Amino acid sequence: MQLSETVKVYPTEYQKTLITETMTEYIHTVNRLVSDAVSGHSIAKTTTADVSADIPSALLNQCIRDAKSIVKKHYKYCHKAVLKNRNLIKCGSAIRVKAPNLPILKKPCCYINNQNYKIKDNCIEFPVMIKGKSKRISVFVKLTERQKSLFSCAKFGTMRIVTKNHALVAQIVYEVAEPELKTDGNSMGIDLGIKCPAVSYCSDGSVKFYGNGRKNKYIRRHYAYLRKKLQTSKKIKAVKRMNDKEQRIMRDIDHKLSHEIVKTAAAHKVKVIKLEQLQNIRSATRKSRKNNHSLHTWSFYRLAQFIEYKSKLAGISVEYVNPTYTSQTCPVCGSVHHADDRNYTCECGFHIHRDLLGAMNICNSTEFVGNRQTA
């Protein structure tokens, strides 16, 4: 499994100038190659000898690979638009899907493969151009004890250098061995929601509620209000900063929730965590002015991804089940009907919290639909 660590870089002024020039040239080269490819000049067999750029050949190779990947994705989306327009024409619709614009990279960055950088003694060594020649520089970084232990025996992947909050950071990919999945133990069902971010039910009868949905909605409303005020004042950069801050907070909340869920699963000796496959949930759910914003800012996919990779690291497998009627089916008599807000009461006398009912039915479900969440 591949994971990543972010390390803050502390270059000298001279080193910072060299790195910034390298990142800018890297982005310009990728954009130029993409533009050439779309204009009709094939880059399928392009090598470093065919490209003129003021960056080391190791990085130039990575530029060519990135350009090919961007062009491939662009053609894929264009092809999808063409197919969709054909279907619309067959149906007699006057609506047409616009072809996607050519992607242009704007944020300066550079990618360095694992053969061209080294991490040792709180320093990262990688090549840059100095007076027209490729030379390695050693840049100081601060590594935590945890990062030192991870990097001491890790197999590295690609490193990305980028600017975040006016500071240079290195995002380093490394591989970790996945533990063997457990073959015996309990099952756990997780019901993800907006009012209750997550509820778990274990086959041994244990129940746990996670997070605070009201707090999450307040954070969303608060930052939406701030953005609206800034938009009225036409402070575009401040709007982006507020949006980034909100995303960081909500991402941190999802990390903490997923960590707590996997920790609980490990404590109850769970072998498999079952989640709902919530693909197209936004289009299938009833909409109203009251819940539209909450529904479209619900980060169920991200939380599911966090639970998935943390479970694998703990040796717990993840399965996705059909979400149909999981919060409406009585586990005693099997009848299906709606709950009254959060309270579910069946004609047979069974009553329970609606989200807990969902977690219970997910845990007992045998309608397996895959082992990966789809957006």
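For the structure itself, look to the data block above.
Residues numbered from 1 in each chain as written. Predicted model: local features only at pLDDT ≥ 70, side-chain atom pairs only at ≥ 80, totals over all residues. Heavy atoms only, no water.

Participant: Which residues make up the nonpolar core, and what values go with them?
Facilitator: Within the largest apolar cluster, 47 residues are counted, with the highest numbers of intra-cluster contacts made by Phe126, Met159, Ile161 and Ile172. Elements that contribute at least two residues to this core include exactly β1 (2–10), α1 (13–38), α2 (57–90), β2 (109–112), β4 (123–130), β5 (133–141), β6 (155–164) and β7 (167–175). Top element by residues in this core is α1. It accounts for nine residues. (Core = buried A, V, L, I, M, F, W, Y, C linked by side-chain atoms within 4.5 Å. Buried < 20%, exposed > 50% of the residue type's maximum accessible area, 1.4 Å probe, protein only. Helix = DSSP H or I, 4+ residues; strand = E, 2+ residues; numbered from the N terminus.)

Participant: So what's going on with the packing of aromatic side chains? Which residues, and what values?
Facilitator: Scanning the entire structure with this criterion turns up six aromatic pairs. Measuring from centroid to centroid gives 6.0 Å for Tyr117 and Phe156, while their planes differ by 55 degrees, and the two rings are tilted. One end of the pair, Tyr117, is in the loop between β2 and β3 (118–120); the other, Phe156, is in strand β6, and 39 residues separate them in sequence. Under the relative-accessibility criterion, Phe156 is labelled buried at 19%. Members of the aromatic cluster, each reached through a chain of ring pairs, are Tyr117, Phe151, Phe156 and Tyr174. Sitting over the face of the ring of Tyr10, Lys142 holds its NZ or CZ atom 5.2 Å from the ring centroid. (Phe/Tyr/Trp six-rings, centres within 6.5 Å; stacked < 30°, edge-to-face > 60°. Lys NZ or Arg CZ within 6 Å of the ring centre and 35° of its normal.)

Participant: Explain unusual backbone geometry to me, using residue names and the numbers behind them.
Facilitator: Of note in this structure, Asp121 is not a glycine but carries a positive phi near 50 degrees. Looking at the secondary structure, you find Asp121 in the loop between β3 and β4. Residue Asp121 is classed as exposed on the basis of its relative accessible area of 70%. Positive phi values are uncommon outside glycine, yet Lys234 reaches one of about 60 degrees. By the secondary structure assignment, Lys234 is in the loop between α4 (213–232) and α5 (236–267). Judged by its relative accessible area of 71%, Lys234 is exposed.

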